[in-house]
Every structure is written in C-alpha cells, then in structure tokens.
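# Per-entry structural report
What follows is each chain in one-letter form.
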Amino acid sequence: MSGPRLPGDPGTRERIARMVRVDHAGEQGARRIYDGQLAVLGKSGVAPAIRRMAEQERRHLEHFDRLMVERRVRPTVLSPLWHVAGFALGAATALLGERAAMACTVAVEETIDAHYAAQIAALGDSDPALKSAIAEFRDDELEHRATGLAHGAEDAPGYEAMTGLIKLGARAAIWLSERF
Ligand SMILES: [Fe+2]
Ligand SMILES: [Fe+2]
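This report concerns the structure included in the present document.

How each quantity is defined
- Residues numbered from 1 in each chain as written.
- Chains lettered and ligands numbered in written order.
- Predicted model: local features only at pLDDT ≥ 70, side-chain atom pairs only at ≥ 80, totals over all residues.
- Heavy atoms only, no water.
- Donors = N, O, S within 2.8 Å, 3.2 Å for Na, K, Ca; no water.
- Tetrahedral: all angles 85-135°; square planar, octahedral: opposite > 155°, others 65-115°.
- Helix = DSSP H or I, 4+ residues; strand = E, 2+ residues; numbered from the N terminus.
- Buried < 20%, exposed > 50% of the residue type's maximum accessible area, 1.4 Å probe, protein only.
- Phe/Tyr/Trp six-rings, centres within 6.5 Å; stacked < 30°, edge-to-face > 60°.
- Core = buried A, V, L, I, M, F, W, Y, C linked by side-chain atoms within 4.5 Å.
- Contact = heavy atoms within 4.5 Å.

The protein atoms that coordinate the iron ion (ligand 2) are E57 (OE), E109 (OE), E141 (OE) and H144 (ND1), at distances spanning 1.7 to 2.4 Å. For the iron ion (ligand 2), the four donor atoms in the first shell make angles of 84 to 121° at the metal, a pattern classed as irregular. Between consecutive donor residues of the iron ion (ligand 2), the sequence gaps follow E-x51-E-x31-E-x2-H. In this structure, the iron ion (ligand 2) lies 3.7 Å from the iron ion (ligand 1), and both are coordinated by E57. Highlighted residues: E57 in helix 2 (residues 47-70) and E109 in helix 4 (residues 98-123), separated in sequence by 52 residues. This pair shows no difference in class: E57 is buried, exactly as E109 is.

Written out as structure tokens, the structure reads:
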C-alpha cells in the first residue's frame, strides 16, 4: 500500500465491506452455536445463562444484518456452511456436558475478542460508527467468556485440546469468511 488512504476510497470501502461480511458471518455462527447448545441444554441449570448470551448474539447479528443492507455488502458464500457447522459445534460440545459447552464459549469468544481487537486497531479513524459497534460487541463477548469461565469451562475434560481445536476452527472460519 502507498501512503494514507482517505475514507471512502475504493480500498477502504472494500476493506470495511470485508469486515462487515466476516463479522456478520461470525455473529451468525455465534447465534447458531448457542442454538445448538440450547437444543441440548435448554432445560438444564445453565440454560438461563446461555439464553442471555444468545439474546446478545441476536442483537449483534441484527446490527450486522442492518449494516449489510445499508452498505450493500453481500454475505459470505460460506454462510450456509456456518449455519450448519455452528449448530453442530454447539450441540456436540453440549452433549459432552455443561462444562464442555462453556469451554466452547470461552474458545469462541477469545477468538472473536482477538478478531474484534484487530479490527478496531485496523479501523483507526476511518469508520467511527462501525468501530464503536464493534467495541461494544467486543465487551459483550468478553462477558460471555467470563460467563463460560464462571461456569467451570476450565474443568471440562480435555479443556486445552478442545479449546485449541475450536479456536483453530474459528480462526479458519474467519479467514475463509474474509475471502469468500
Ligand atoms: Fe456476538
Ligand atoms: Fe458472544
């Protein structure tokens, strides 16, 4: 890249469109993970905590839904895959138990936290509205991570291996959604 770019020039617009696209995909995935967890744990003791997080994901997703329309950003072509994979990940970890479900939340939210932090840094002053939304959602994701830890995520059997694998998958999903 050569020199500073002005907001609204094609490079910046495309970069921001990619951010909206990947964030929309991520929030959609998050929503589906919690759907999958609730399909298994909907009547358990952790259900209210999961529902609270799912409700915030719904708000995040609605925001990016709106942004996609306003800014005419197309969704990732991989969206149908994340729809299925998100639910499967949520349901599979929930079947391993409540703590495994919470470990999944910790892994996903730590990945999203790093992703949002990188976006906030990359945005600089180029899009204050998007930046403040991402910052707000990032706070919610950190709260979800804390909820997961408070519910014994780290006591889940195979915590390190499982969270390592989920983070790898989540990072791959981010990488792909930014490009396709
Ligand atoms: Fe979210
Ligand atoms: Fe979240």
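Four donors placed tetrahedrally around a metal ideally meet at 109.5 degrees, and six donors placed octahedrally ideally meet at 90 or 180 degrees. Bound to the iron ion (ligand 1) are the protein donor atoms E27 (OE), E27 (OE), E57 (OE), H60 (ND1) and E141 (OE), situated 2.0 to 2.7 Å from the metal. When the donors of the iron ion (ligand 1) are listed by position in the chain, the intervening gaps give E-x29-E-x2-H-x80-E. For E57, a relative accessible area of 0% puts it in the buried group.

What the rule picks out here adds up to one aromatic pair. On the basis of an interplanar angle of 70° and a centroid distance of 5.8 Å, the ring pair of F64 and F137 is categorised as edge-to-face. In this pair, F64 is assigned in helix 2 and F137 in helix 5 (residues 128-150), connecting sequence segments 73 residues apart. Since its relative accessible area comes to 3%, F137 is described here as buried.

Attention now moves to the nonpolar core. Formed by 39 residues in total, the largest nonpolar core has its most connected members in V20, I50, F64, L130 and I134. Breaking this core down by element, the ones donating at least two residues are helix 1 (10-41), helix 2, helix 4, helix 5 and helix 6 (159-179). Tallying contributions element by element places helix 4 first for this core, with 12 residues. Residues in contact with I50, not counting those within four places in the same chain, are Y34, Q37, L38, L41 and M102.

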